[in-house]
Amino acid sequence: MPLNRRRQTAWPLRPNGMRRRASASQVLEPGFKVSRPANWLLRVFTLVAIAVPSLILTSPGYVAFADKLPDPDTVTSATPEDTLIYAADNKTLLADLHPPGYQAYFEPLSQMGTLLPAAVISIEDRNFYSEPGIDPQGIVRASIVDFQTHSNAEGASTITQQLVKLRVVGNEATLDRKMREALLAFQIERKYTKDQILEWYLNSVFFANTAWGTAAASKIYFHTTTNKLDLAQASMLAGIIRGPTIYNPLVNWTSAKQRQKTVLDAMIRDGKITAADAAKAFVEDLSRPAHMFMPSNQVVAPSFVRYVTSLLINQFGAEATYSGGMRVVTTLNPRLQELAQRDVSQNIAKLRYRNVTQGALVSLDPTTGAIIAMVGSANPNTYGGQYNLAVWPPRNPGSSMKIYTYTAAIASKKFTMTTPIRDSRFTYREPGSTESYTPRNYDGKTHGTCQVQACMGNSLNIPAVKVELGVGVANVVLMARAMGAPPYQQHGADVNGNPLFTTNDPLNSYGASLTLGGYGETPLQMATGASVLATQGLLRQPYAINLVRSTSTGQLIYSHAPDPGKRVLDARVAYIMQMIMSNDNNRSMIFGHNSLLTLPGRKVAVKTGTSDSFADAWTVGFTPHIVTAVWGGNADWRMKMTKNSDSYYIAAPMWHRFMQDALDALHLPNEWYSQPAGLITAKCHGQTAWYLPGTHC
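Residues numbered from 1 in each chain as written. Predicted model: local features only at pLDDT ≥ 70, side-chain atom pairs only at ≥ 80, totals over all residues. Heavy atoms only, no water.

A.B. asks: Would you take a moment to explain the overall build of the chain for this structure?
C.D. replies: Of the regular secondary structure elements, the chain holds 23 helices and 22 strands. Counting across all 697 residues of the chain, residues that qualify as buried make up 56%. Nonlocal contacts in the chain, meaning residues at least 24 apart in sequence, comprise 72% of its contacts between residues at least 6 apart. Per element, the accessible surface of the chain, about 28,700 Å² overall, is 55% carbon and sulfur. (Helix = DSSP H or I, 4+ residues; strand = E, 2+ residues; numbered from the N terminus. Buried < 20%, exposed > 50% of the residue type's maximum accessible area, 1.4 Å probe, protein only. Contact = heavy atoms within 4.5 Å. Areas by Shrake-Rupley, 256 points an atom, 1.4 Å probe, with all protein chains shown as cover.)

A.B. asks: Is there a simple way to think about the packing of helix α15 (residues 402-412) against helix α18 (residues 473-482) in this case?
C.D. replies: One can describe the packing of α15 onto α18 by two numbers: an axis separation of 8 Å at closest approach and a directional angle of 105°. In terms of their interaxial angle, α15 and α18 are classed as roughly perpendicular. Contacts between α15 and α18 involve Y404, T405, T407, A408 and A411 from the first element and N475, V476, M479 and A480 from the second. Of the residues assigned to the contact of α15 with α18, the class counts are 6 nonpolar, 3 polar and no charged. (Axes fitted to C-alpha atoms, helices over the stretch in contact; angles between N-to-C directions. Parallel < 35°, antiparallel > 145°, perpendicular 65-115°, else oblique. Nonpolar A, V, L, I, M, F, W, Y, C, P; charged D, E, K, R; others polar.)

A.B. asks: Sorry if this is basic, but what is going on with the nonpolar core here?
C.D. replies: Looking at soluble globular proteins, one finds that nonpolar side chains tend to be buried together. Among the nonpolar cores identified, the biggest contains 86 residues, and I85, F304, Y404, L533 and F622 are the most heavily contacted of them. A per-element tally of this core places helix α20 (residues 571-582) first, with 8 residues. Among all residues touching L533, those that are not within four sequence positions of it are I403, T407, M483, L569, A574, M577, Q578, M581, F622 and Y673. By size, the runner-up hydrophobic cluster in this structure holds 57 residues, among which are L109, I159, F222 and A266. (Core = buried A, V, L, I, M, F, W, Y, C linked by side-chain atoms within 4.5 Å.)

A.B. asks: Would you take a moment to explain the environment of P653 for this structure?
C.D. replies: Among the structural elements, P653 can be located in helix α23 (residues 652-665). Through-space distance from the C-alpha of P653 to that of I348 is 9.7 Å; in sequence the pair is 305 residues apart. Discounting chain neighbours no more than four positions away, the residues touching P653 are N347, L596, S647 and Y648.

A.B. asks: Whenever I open this one, the state of the cysteines confuses me. Can you help?
C.D. replies: The tally for this structure, following the rule as stated, stands at 2 disulfides. Between the sulfur atoms of C450 and its disulfide partner C455 the distance amounts to 2.1 Å. Between C450 and C455, the disulfide has an S-S torsion of 95° and is therefore right-handed. Given the relative accessible area of 12%, C450 is considered buried. Look at C455 and you get buried, because its relative accessible area is 0%. Bonded cysteines in the chain are paired 1-2, 3-4 when counted in the order they occur along the chain. (Disulfide = S-S within 2.5 Å.)

A.B. asks: Just checking my understanding: could you explain the side chain of T695 for this structure?
C.D. replies: Structurally, T695 is set in the segment after β22 (687-691). Given a relative accessible area of 10%, T695 falls into the buried group. Within the local environment of T695, its side chain forms a polar contact with the backbone oxygen of L692, the two atoms lying 2.6 Å apart. In this structure, T695 is in contact with K413 and T416, ignoring residues within four places of it in sequence. (Polar contact = N/O pair within 3.5 Å; in protein donor to acceptor, adjacent residues only side chain to side chain.)

Any functional reading would require information that these geometric values do not contain.
Below, the structure is given as structure tokens:
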């Protein structure tokens, strides 16, 4: 095989420490010096010194040298491959994870088609299928050329030797390395088939522009698979191997075209194509950007992908995540994700006049715990767009925190859905504290006496604090923790100025402001907490990964086990909360009838929340098959929305539109829950109400 020997190449390392084949333009001083006129003698010596002893396996010198050789089976070791992340349909590619400058995807020789392998053999090693690992004829030919030209112009490495160089011994320019390379090539040829060797080689060789192996080259340059390459494309790619910089068509088009012609001529010489085929291929338009493409890495649902990537790193490590060749099938519903991103982005864009720049959304399937949609930011180009605000940092949940207050109250049996609460001003002081706390309603008014269900539906703050104190702040904390939404407390900042949060603080460290959102939550946590009500008391931890397989072998690496759910709440309590949160009459005083908190033709449970400083706006709601939590505000909590920008104007429109879109897309009918056994149904002040045994109107 001809190989330009005038420029010795420096071979960069792969992520796993193996040597890469690099650009022919990189220069490395040889480790040994041989005058150019004598170089042909070295080639002949190499042929004699390597080939003959290798054929005489009992040669003591050969045995001693062979004992020091690397294990030839190393050639079979897995090479780094990209990890591919897919949506739940196992078809929609969300992301391609790989180290910088390295993209590789294993593909069997049987799936490469015929053109690219044939082109590579013709230009790199025409005698591949007949030689014993080295090419004696090639060595002699190269020696003659070197002697005639008084240069190191001709190469003689076979494909097998190149494979050994790529995967086993590296490319150090020494006679010792060359001998080890050749001896290993002999051993590998005796142990493995030609097709195996060719497959490993074609999956390892560098095609420039981050492409390692045929699959990556086909995808990056032509956005296709190897078996669909035409002759023009295959011959162009085959020509790159000898000099990934010199023959890089995206950098040196003229050199690449000349090299392509050389490849086509070699294929004609070997009888693989006709002159007419070559002429047609050579004039085919391969120019970019219409016919040849630059490396790119488009990511769908970037916040969700970052979330999944962090999970993979935690479970498998960074190296396996970026180079382990994993096919990851996630829980994301691509259609719902598209709707979620559109609904959040469009609604936030309309709210710029209210000084709102960001939004986030999490949607779960409560029957499994699967994350089916996750929007981490409304606008990646606005401050905070680089973060996944759906999972971090915790924000003030406002009155949406009352979900846990009223759930704890009903579960305690100290309160029922019809217990009257007086909405009147009061001041509370913690025992032993000199500070007092005076809650106020959003509208600054009081509203007389209201039933618990109406106090919650209309999101009245004063009654909520009274109920919280009646059941005990600690019990509200415990309920939130049990439902998967442990409140965060902030404790200063780290050395980089990032706030430090904990969720395991002593129960007595939480104050009465808890029910009004005084402690942080995330959209993922709020969706999780609401999902417990949606499942009638079962907590299923949210998850994002369905399964992980090895791309090359198909071996199952990980599979999510179905979660039957942990019973954390009495189903009867959950049902009472469902009925409170789904009754439009319970919120009519503040929000009116048929507001954005209802869905036409469908029953839905919902709760809003707004921080008292207008920094955060929330809406959380559910049906039996979908739970959605939406947040709106600014990434920097110190930047407030305009006054009176409550959740109904900020978060509710996003929540309403997405829930309607999602339920339609899933073709889900109007559905609701059956009443669990053991509940008492009674009329109270003319309305139907539900009670736990031992409680009443």
